[in-house]
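Coordinates in review
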Amino acid sequence: MIVILKKNAEPQQVRLFTDWLRSMGLETHLSVGENHTIVGLVGDTSRVDMESILALDIVEMVQRIQEPYKNANRKFHEEDTIITLPNGAKIGGGHFLVMAGPCSVENEEQIISVARSAKAAGANALRGGAFKPRTSPYAFQGLHEEGIRLLLRAREETGLPVVTEIMDAKHLPLFADIDVIQVGARNMQNFELLKELGKLRKPVLIKRGMANTLQELLMSAEYVMAGGNEQVILCERGIRTFETATRNTMDLSVIPVLHQLSHLPVVVDPSHATGRWELVAPMALGATACGADGLLIEVHNDPEHALCDGPQSLRPEKFAALMEKIRAIQPYADRSFSAAPAAAE
Ligand code: PEP
Ligand code: MN
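Within any chain, residue numbers begin from 1 and follow the written order of that chain's sequence. Each chain takes a letter, starting from A, and each ligand takes a number, starting from 1, following the order in which they are written. Thresholds applied to this predicted model are a pLDDT of at least 70 for local features of residues and 80 or more for the giving and counting of side-chain atom pairs; totals over whole chains, interfaces and linings are not thresholded and use all residues. Excluding hydrogens and water, the side-chain values take into account all heavy atoms of the structure.

Details of the packing of helix H3 (residues 108–121) against helix H10 (residues 316–329)
In this analysis an axis means a line fitted to C-alpha atoms, helices contributing only their contacting stretch, and an angle means the value between N-to-C directions, from 0 to 180 degrees. Only runs of H or I of at least four residues qualify as helices and only runs of E of at least two qualify as strands under DSSP, and these elements are numbered from the N terminus. Where H3 contacts H10, the axes come no closer than 9 Å and their chain directions differ by 25°. By the angle between their axes, H3 is roughly parallel relative to H10. For the crossing formed where H3 meets H10, the hand is right-handed. Along the contact surface, H3 presents Ser-117, Ala-118 and Ala-121, while H10 presents Pro-316, Phe-319, Ala-320, Met-323 and Arg-327. Considering only residue class, the contact of H3 with H10 consists of 6 nonpolar, 1 polar and 1 charged. The labels follow the angle: roughly parallel below 35 degrees, roughly antiparallel above 145, roughly perpendicular from 65 to 115, and oblique for the rest. Two helices crossing with the near one rotated counterclockwise from the far one by less than a right angle form a left-handed crossing, whereas a clockwise rotation gives a right-handed crossing. The criterion used for residue contact is that any of the two residues' heavy atoms lie within 4.5 Å. Three residue categories are used. Nonpolar comprises Ala, Val, Leu, Ile, Met, Phe, Trp, Tyr, Cys and Pro, charged comprises Asp, Glu, Lys and Arg, and polar comprises the others, including Gly.

As structure tokens, this is what we get:
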């Protein structure tokens, strides 16, 4: 971080300022010019509040030269983070993980049938919503506690670890046996929720908000990691743009960019990104080729009658065909920005 001081800053004020910075464990380098004095801060500046520095009388300008996130930053953690789920499946560092399942858990027969076909096709985790963040309060909101119970039944039946979304920290006790907790796009910046998830020691999958930058996504990951929970998975699910042909706009370049910036695994959700089942396979394959560490795909046994997101859900046969193609191209994925190259390189 660089701080430019005003021309008329008194030496006494400058000394007080640099003493204050040093008391925060930072080294300071002073460069006194004819018109300006520049203070360079060396050390971990992620905890330094830029605005409180800018508010000081003697400060003209503050410029960050290092990212405001530390735990999620690849500069401080070169190796890819690898997360292992209870069934031994791994994600990150060249390990690819596919999470599949219906948008929402609807009943026992449905979730067990989808879980079985997802597993047979090669998925490593079952994803289904029990708490659904719907735009309309009149739309199906999920089965809540019963939905969680049914997910755990499906896990018992198939051995697949379960991934499901939390919307409120007060529901945390219900998530005690859930293997991966998802934070949805709408809650990406629910900082109190993120802090609570930081107290856990289990994987948290954070979806990028529909109008959030990658830096904001990484700051949300930082919230969880700052609490000591290092098992964070980042998820790109498309952002909102002026385009209406697809539900959201999916930017595949975020995969290598996130790998460059962070050591955390990156997954892509082509279902919510496009909103159309016919686009799920091409986007899933594209994401795989671009070096994603995994995918989150909506699969439903009867999309026409799905209570949520039927139009973007793949039938089990289509999902199985897609999985074959994913397996075929995964070894050739471009992972130039990850620490661990793909198997075929
Ligand atoms: C979901 O994963 O079911 C969901 C609601 O997704 P998003 O938060 O990305 O909209
Ligand atoms: Mn959905």
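Section: the domain arrangement of the chain
Here the chain is described as being made up of domain 1 (2–63) and domain 2 (83–332). Domain extents, as shown, originate in an automatic or database domain assignment. Look at where the C-alpha atoms of domain 1 and domain 2 centre, and you get two points 43 Å apart.

Observations concerning the site of ligand 1
Close contacts around ligand 1 come from Arg-127, Lys-132, Pro-133, Glu-165, Gln-182, Gly-184, Ala-185, Arg-186, Lys-207, Arg-237, His-272 and Glu-298, and that covers them all. Polar contact is defined as a pair of N or O atoms within 3.5 Å, subject to the rule that within protein one atom must be able to donate a hydrogen and the other to accept it, and that residues adjacent in sequence are counted only when both atoms are side-chain atoms. Within the side chain of Arg-127, a nitrogen or oxygen atom sits 2.5 Å from an oxygen atom of ligand 1. Interatomic distance of 2.8 Å between a side-chain N/O atom of Lys-132 and an oxygen atom of ligand 1. Taken together, the residues of the shell around ligand 1 break down into 2 nonpolar, 3 polar and 7 charged. Here a residue counts as near a molecule or strand whenever at least one of its heavy atoms sits within 4 Å of it.

Description of the coordination of the manganese ion (ligand 2)
Perfect tetrahedral coordination of a metal by four donors corresponds to 109.5 degrees between them, and perfect octahedral coordination by six donors corresponds to 90 or 180 degrees. Each metal's donors comprise the N, O and S atoms found within 2.8 Å of it (within 3.2 Å for Na, K or Ca). Water is not part of the atom list, so some coordination spheres may appear incomplete. Looking at the manganese ion (ligand 2), one finds its protein donor set to be Cys-103 (SG), His-272 (NE2), Glu-298 (OE) and Asp-309 (OD), positioned 2.0 to 2.4 Å from the metal centre. Each donor residue of the manganese ion (ligand 2) lies on one chain, and together they are spaced C-x168-H-x25-E-x10-D. Separated by 206 residues along the polypeptide, Cys-103 in the loop between strand S7 (97–101) and H3 and Asp-309 in the loop between strand S14 (294–298) and H10 bring together distant segments of the chain. Relative accessibility decides the category of a residue: with a 1.4 Å probe and only protein chains considered, values under 20% of the type maximum give buried, values over 50% give exposed, and everything between is partly exposed. By relative accessible area, Cys-103 is classed as buried at 1%.

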